[in-house]
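A look at the structure
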Amino acid sequence: MDFTGRTAVITGAAGGIGRATALRFAAAGAALHLVDRDAAGLAATAEAVSQAGGFATTTTADVTGADDVRDYVQAAVSAHGHIDAFFNNAGIEGPVAPLAEYPIDGFDAVIAVNLRGVFLGLRHMLPVMLEQGSGAIVNTGSLASERGLPGTGAYNATKHAVLGLTRTAAAEVGGAGVRVNAVLPGMIDTRMLRNLAGTITGDLEEGLRFLAGVAPAARTGLADEVAAVVCFLCSDDASFVQGVGWPVDGGALATMSNGSIPEGA
Ligand SMILES: NC(=O)c1ccc[n+]([C@@H]2O[C@H](COP(=O)([O-])OP(=O)(O)OC[C@H]3O[C@@H](n4cnc5c(N)ncnc54)[C@H](O)[C@@H]3O)[C@@H](O)[C@H]2O)c1
């Protein structure tokens, strides 16, 4: 894939899947505008991109704030002139608890980042791409976009909603040269998965083994394996791919049913 002369904006770029995607895009020649609320992690990603021979500008921003989102989009346009790809990826896992006991402030926090943050990204980026008449967006969903998983009610609701936003956006802008898709990662070995693994079992290694077993692949995935699909979905090779949720999960969605992860497993 060749992104020479193109620009990609990535939220949640301070670590995990966002950082891996930044490095993938940079290796393919894209210039980057990286966004995260974690300023130190963001600087580390920008440095890694630079070490790899790429070019990245950054905005430290909280994706839950409409002004922050407007500002990172404007900063990206000012720095690069045009935006070809947008990875709308920042997210949090939130509390793990059954709905009957779910902390209400935790619910609000997850909605704010995973749903409002993704909406605001679309709200401010779509006008830029519509004016250009081109662009590709990938929102980060999850296998939780397609299944009910006990203990993750807020996360699950937001990841279902990300698919709803993706399909609606595709319907609205698909005729105007802009593509909007979602990537649905399965169990990917990042900070987020390690935190969940430790929380649900009380033992990190046991939790990781359990979560790996959800997929026929019988392993957790690498952030770079998600990044590869994000880059594909943003590339011209995916020119007729519109409005889909593309799993990167080692076969988990093909085989698991609702509730396959027992609460407190
Ligand atoms: N790791 C997995 O197994 C997995 C599975 C499915 C979906 N996902 C999704 O992938 C995305 C990336 O997660 P990850 O696994 O790389 O985890 P991560 O925690 O390593 O990365 C998430 C990034 O988002 C940033 N972020 C969080 N809230 C923010 C805010 N309000 N404003 C700006 N930045 C914010 C964090 O600082 C962090 O850098 C998330 O949307 C997550 O829900 C991950």
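Heads up: these notes are all about the structure in this document. (Residues numbered from 1 in each chain as written. Predicted model: local features only at pLDDT ≥ 70, side-chain atom pairs only at ≥ 80, totals over all residues. Heavy atoms only, no water.)

Attention now moves to the packing of helix H6 (residues 191-201) against helix H7 (residues 204-212). One way to put it is that H6 packs onto H7 with a least axis distance of 7 Å and a crossing angle of 105°. Between H6 and H7, the angle falls in the class roughly perpendicular. Contacts from Leu193, Arg194, Ala197, Gly198, Ile200 and Thr201 in H6 reach Leu204, Glu206, Gly207, Leu208, Phe210 and Leu211 in H7. Residues belonging to the contact of H6 with H7 are distributed by class as follows: 7 nonpolar, 3 polar and 2 charged. (Axes fitted to C-alpha atoms, helices over the stretch in contact; angles between N-to-C directions. Helix = DSSP H or I, 4+ residues; strand = E, 2+ residues; numbered from the N terminus. Parallel < 35°, antiparallel > 145°, perpendicular 65-115°, else oblique. Contact = heavy atoms within 4.5 Å. Nonpolar A, V, L, I, M, F, W, Y, C, P; charged D, E, K, R; others polar.)

Before going further, it helps to examine unusual backbone geometry. For alanine 218, which is not glycine, the phi torsion reads 55° and is therefore positive. Along the chain, alanine 218 turns up in the loop between H7 and helix H8 (223-234). The exposure class of alanine 218 is exposed, given its relative accessible area of 55%. (Buried < 20%, exposed > 50% of the residue type's maximum accessible area, 1.4 Å probe, protein only.)

Once that is clear, we can look at the sheet that holds strand E4 (residues 85-88). The strand order across the open sheet built from 7 strands is E3-E2-E1-E4-E5-E6-E7, with neighbouring strands paired in parallel fashion. Of all strands in the sheet, those bounded by a partner on one side alone are strand E3 (55-60) and strand E7 (245-248). Across the sheet, the mean angle separating the axes of adjacent strands is 20° when strand polarity is ignored. Judged from the 6 bridges that link them, strand E2 (residues 31-36) and E3 form a sheet pairing that is parallel. For valine 35, the partnering residue across the bridge sits in E3 and is threonine 59. Against the sheet, helix H4 (residues 104-132) makes contact with strand E1 (7-11), E4, strand E5 (135-140) and strand E6 (178-185), and its axis sits at roughly 175° relative to E4, the strand it touches most. Here helix H5 (residues 153-173) sits on the sheet in contact with E5, E6 and E7, set at roughly 160° to E6. (Pairing = 2+ DSSP bridges.)

Turning our attention to H7. Every buried residue belonging to H7 is among Gly207, Leu208, Leu211 and Ala212, and all of these are buried. Buried residues in H7, looked at end-on, bunch into an arc of 130°, giving them a common side. Residues of H7 that are buried in the fold lie against H6. (Arc of directions from axis to C-beta.)

In short, the description is geometric, and any link to function would need to be established separately.
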